[in-house]
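Letter by letter, the chains look like this.
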Amino acid sequence: MSVMTMVKAINNALDIKLEEDKDIVVYGEDVGVEGGVFRVTEGLQQKYGVERVFDSPLAESGIVGTALGMAVSGLRPIVELQFEGFTFPAFNQILSNVSRMQNRSRKKYGVPMVIRFPYGGGVNALEHHSDSPEALFAHIPGLKVVIPSTPHDAKGLMISAIESNDPIIFMEPKRIYRAIKQEVSEEKFTLPLGKARVVQEGTDITIVAFGAMIRECQRAIAMAQETGISVELIDLRSIYPIDRETVGNSVRKTGRMLIVAEAHQSFSVGSELIAIANEEAFLYLEAPPRRVAGFDTIVPLAQGEKYYIISPERIFYEIEKSIKF
């Protein structure tokens with residue numbers, strides 16, 4: 001075991017797979033010499049050489065397009081697009097080709113590739129650096145969308161993503177890149193894609209969250225416990241496929257659900273989760289499912305970001321509101 005941040009855990013996962021599988025290549029924006037803008041790939045080029053870990057031109061469509069070509073030709077590329085706001089120039093490739101290739105070829109071609117990038121707010125970043133676009137990718141058939149919330153999960157989910165024969169969107173919450181330290185095994189291990197984790201059990205209300213919001217929910221739950229409220233917390237881990245069974249079972253047990261996600265509220269993952277609650281547990285609900293989400297506006301720059309970012313106090317307010325309904 002070793003104490004790792006999320007940055008270290010992902011680096012360790014990439015290191016293990018690069019060592020194990022010679023068909024894996026890692027490339028993208030500044031991932032080679034600099035080790036990535038957040039140093040997630042630091043040291044890998046020195047260890048595995050410039051033919052397997054290398055910098056690309058700052059051309060996201062080209063990065064993803066070449067990765068698709070590599071994937072259908074037998075390699076297993078892992079590409080970094082540096083920030084979530086930089087994924088949009090590659091969106092045509094992702095939507096029109098990456099997500100459709102297996103269906104288009106009637107499974108003649110697998111698409112074993114990982115597109116990874118940091119996302120989310122809370123770090124006083126510039127425009128195009130603080131968005132949470134998971135719903136955009138989850139809406140595209142043919143993709144899997146994965147978001148870890150801890151160093152342990154980041155490593156296990158990354159190794160599973162690399163070993164998958166499907167294209168994976170791997171979104172890394174930059175707000176907790178180094179904010180959480182955890183003991184993580186240095187050995188190889190995997191976590192199943194599409195399976196949520198019950199972080200803690202409770203009886204009064206279910207909270208469903210993912211990524212950096214898990215930490216904020218845990219802080220709100222500590223407040224709730226002081227008032228005698230028992231909260232069950234579920235970490236989705238995978239946005240798509242989404243774990244309907246775990247969510248449904250929990251809501252049937254508690255009768256209430258609160259979704260916490262920093263993306264804009266309208267047409268969000270939270271909206272899908274409310275639909276799941278209604279479909280899986282409608283007759284068990286004791287209060288309307290509620291959402292704590294980002295506002296339907298562009299994420300503000302540094303001076304205004306504190307008014308946008310979800311706080312534990314805001315989550316606790318909605319917990320109490322649901323309990324008192």
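Residues numbered from 1 in each chain as written. Predicted model: local features only at pLDDT ≥ 70, side-chain atom pairs only at ≥ 80, totals over all residues. Heavy atoms only, no water.

Caption draft 1: Molecular detail of the sheet that holds strand β11 (residues 231-235). Reading across the sheet, the five strands line up as β9-β11-β10-β13-β14 and stay open at both edges, with mixed pairing between neighbours. Unpaired on one side and paired on the other, β9 (197-200) and β14 (290-294) mark the two borders of the sheet. Each adjacent strand pair in this sheet contributes to an overall mean axis angle of 25°, direction not counted. Where strand β10 (residues 205-209) meets strand β13 (residues 257-264), four bridges bridge the pair, whose relative direction is parallel. Residue pairing across strands places isoleucine 207 opposite leucine 258, the latter belonging to β13. Here helix α10 (residues 269-281) sits on the sheet and contacts β10, β13 and β14; the angle it forms with β13, its principal contact strand, is near 160°. Contacting β10, β13 and β14, helix α12 (residues 312-323) crosses the sheet at an angle of about 165° to β14. (Pairing = 2+ DSSP bridges. Helix = DSSP H or I, 4+ residues; strand = E, 2+ residues; numbered from the N terminus. Axes fitted to C-alpha atoms, helices over the stretch in contact; angles between N-to-C directions. Contact = heavy atoms within 4.5 Å.)

Caption draft 2: Spatial organisation of the pairing of strand β7 (residues 168-173). Within β7, six of the six residues are buried, which leaves the element mostly enclosed by the surrounding structure. Here β7 shows a buried face lined by Ile168, Phe170 and Glu172 and a second buried face lined by Ile169, Met171 and Pro173. As paired strands, strand β5 (residues 114-119) and β7 are joined by six bridges and run parallel to one another. For phenylalanine 117, the partnering residue across the bridge sits in β7 and is methionine 171. As paired strands, strand β6 (residues 144-146) and β7 are joined by three bridges and run parallel to one another. Looking across to β7, one finds that lysine 144 is bridged to isoleucine 168. (Buried < 20%, exposed > 50% of the residue type's maximum accessible area, 1.4 Å probe, protein only.)

Caption draft 3: Structural view of the domain arrangement of the chain. According to the domain assignment, the chain consists of domain 1 (2-184) and domain 2 (197-323). With centres defined by C-alpha atoms, the gap from domain 1 to domain 2 works out at 26 Å. If you look at the interface, domain 1 gives 30 residues, while domain 2 gives 25 residues. With both chains or domains summed, domain 1 and domain 2 bury close to 2100 Å², and 54% of this area falls on carbon and sulfur atoms. Taken together, the connections running from domain 1 to domain 2 amount to two salt bridges. Here aspartate 153 ties to arginine 197 by a salt bridge, and the two come within 3.6 Å at their closest N and O atoms. For the interface between domain 1 and domain 2, the tally reads eight residue pairs in polar contact (both at pLDDT 80 or more). When its residues are assigned to classes, the side of domain 1 that touches domain 2 shows 16 nonpolar, eight polar and six charged. (Domains from an automatic or database assignment. Buried area = accessible area lost by both parts, 1.4 Å probe. Salt bridge = Lys/Arg side-chain N within 4 Å of Asp/Glu carboxyl O. Polar contact = N/O pair within 3.5 Å; in protein donor to acceptor, adjacent residues only side chain to side chain. Nonpolar A, V, L, I, M, F, W, Y, C, P; charged D, E, K, R; others polar.)

Caption draft 4: Geometry of the pattern of salt bridges. Under the counting rule described, the total for this entry stands at 22 salt bridges. Residue arginine 244 pairs with glutamate 279 through a salt bridge whose shortest N-O separation is 2.7 Å. Of this pair, arginine 244 sits in helix α9 (residues 244-254) while glutamate 279 sits in helix α10, and the two are 35 residues apart along the sequence. One salt bridge connects arginine 244 with glutamate 280, and the closest N-O pair in it is separated by 2.9 Å. With arginine 244 in helix α9 and glutamate 280 in helix α10, this pair connects stretches of sequence that are 36 residues apart. Residue class for glutamate 280 comes out partly exposed when judged on its relative accessible area of 30%.

Caption draft 5: Quick look at the nonpolar core. With 52 residues, the main nonpolar core has Ile207, Val260, Ile315 and Ile319 as its most contacted residues. No other element matches the eight residues that helix α1 (residues 6-20) contributes to this core. If sequence neighbours within four positions are ignored, isoleucine 207 has contacts with Cys217, Ile221, Val231, Glu232, Leu233, Ile234, Leu258, Val260, Ile315 and Ile319. Ranked by size, the runner-up nonpolar core spans 43 residues in total, among them Ala90, Ile147, Leu236 and Leu273. (Core = buried A, V, L, I, M, F, W, Y, C linked by side-chain atoms within 4.5 Å.)

Caption draft 6: A look at the layout of surface pockets. In this structure, the largest pocket occupies an estimated 340 Å³ of space. Elements represented by at least two residues in the lining of the largest pocket include exactly α6 (134-138), β12 (238-240) and α10. Element by element, the count of residues in the lining of the largest pocket is highest for α10, at three residues. Grouping the amino acids of the lining of the largest pocket by side-chain chemistry returns nine nonpolar, three polar and one charged. (1 Å grid on protein atoms, 1.4 Å probe; cavity = no way out; pocket = protein on both sides within 12 Å on 5 of 7 lines; lining within 4 Å. Points joined across faces, edges and corners; volume = space filled by probe spheres on them.)

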